[in-house]
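Now for the letters of each chain:
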Amino acid sequence: MDSNTAKTSTITGAIAKTDLFGLIEKAKTDSDVAFELGMMFLQGKEVPQNTNKAISYLEQAGKLGHPIAYSTLGFLYMYGNSNLEQDPWKATGFFIDDWQFFDNEDSLWEAYNLFRYGGKSNDPLCIYSALSLLYELSKRKSPDALYLTGEIYHKGLYGEDIDLEVAYSFYQEAADLGCEEAEEVLNLKPSDSIRHCK
């Protein structure tokens, strides 16, 4: 059990012993209590289910530094629930907040996927924003991002000219970092491959 799980378990046990008003007051300065209250209201545990209050406490938890509050909000808006419409734009905002404040690369990928592939409609929200996040992921030496950037130059996607030398360099770096897809591209037969560009 990690320390965040241990803290949450301790708080859950404390909630039964403490009145709700005291917890609400403590949530103003304690990220774990704010997060737990948000989850209680979201799930309707020990309090009536209230999505708006849940969102408010989860946002407070994020502002206070809770490590998974923003990603929780991102997923809540990405999937919605019975009281909340899906909102991929709000979801991307919370995923980006999670990345900016907590350096969570998984949230950066969630935002990229929403921008690139869209929400329920499967229409991209904003290709430019997706490419901007892909660039950030490539700077961080994410093997998958390097592979996808290589593919952009290999196939001339999103208005980029085909540049096999640039594509090769991204594929090679991705392969060196363990990306199997990049290794497969580099190992294609010479007539299909870009290996000849090195």
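Computed from a prediction, not measured in an experiment: that's the story for all the values here.

A. Structural context of the overall build of the protein chain. From N to C terminus, the protein chain includes 11 helices and zero strands. Each helix (α) and strand (β) of the protein chain, taken in turn from the N terminus, gives the series α-α-α-α-α-α-α-α-α-α-α. Out of the 198 residues in the protein chain, the part that is buried amounts to 41%. Nonlocal contacts in the protein chain, meaning residues at least 24 apart in sequence, comprise 44% of its contacts between residues at least 6 apart. Accessible surface, the protein chain: about 11,000 Å² in total, of which carbon and sulfur atoms supply 51%.

B. Examining the environment of leucine 42 more closely. Take leucine 42: it is sitting in helix 3 (residues 31–43). Residues within four places of leucine 42 in sequence aside, it is in contact with Gln49, Asn50, Ala54, Leu76 and Asn81.

C. Region of interest: the packing of helix 9 (residues 143–155) against helix 10 (residues 164–176). For the pair helix 9 and helix 10, the least separation of the axes is 8 Å and the interaxial angle reads 165°. The orientation of helix 9 with respect to helix 10, classified from their angle, is roughly antiparallel. The chirality of how helix 9 crosses helix 10 is left-handed. Touching Pro143, Leu146, Tyr147, Thr149, Gly150, Glu151, Tyr153 and His154 of helix 9 are Leu164, Val166, Ala167, Phe170, Tyr171, Glu173 and Ala174, all from helix 10. Counted by class, the contact of helix 9 with helix 10 contains 10 nonpolar, three polar and two charged residues.

Cut-offs used in this document
- Residues numbered from 1 in each chain as written.
- Predicted model: local features only at pLDDT ≥ 70, side-chain atom pairs only at ≥ 80, totals over all residues.
- Heavy atoms only, no water.
- Helix = DSSP H or I, 4+ residues; strand = E, 2+ residues; numbered from the N terminus.
- Buried < 20%, exposed > 50% of the residue type's maximum accessible area, 1.4 Å probe, protein only.
- Contact = heavy atoms within 4.5 Å.
- Areas by Shrake-Rupley, 256 points an atom, 1.4 Å probe, with all protein chains shown as cover.
- Axes fitted to C-alpha atoms, helices over the stretch in contact; angles between N-to-C directions.
- Parallel < 35°, antiparallel > 145°, perpendicular 65-115°, else oblique.
- Left-handed = near helix turned anticlockwise from the far one by under 90°.
- Nonpolar A, V, L, I, M, F, W, Y, C, P; charged D, E, K, R; others polar.

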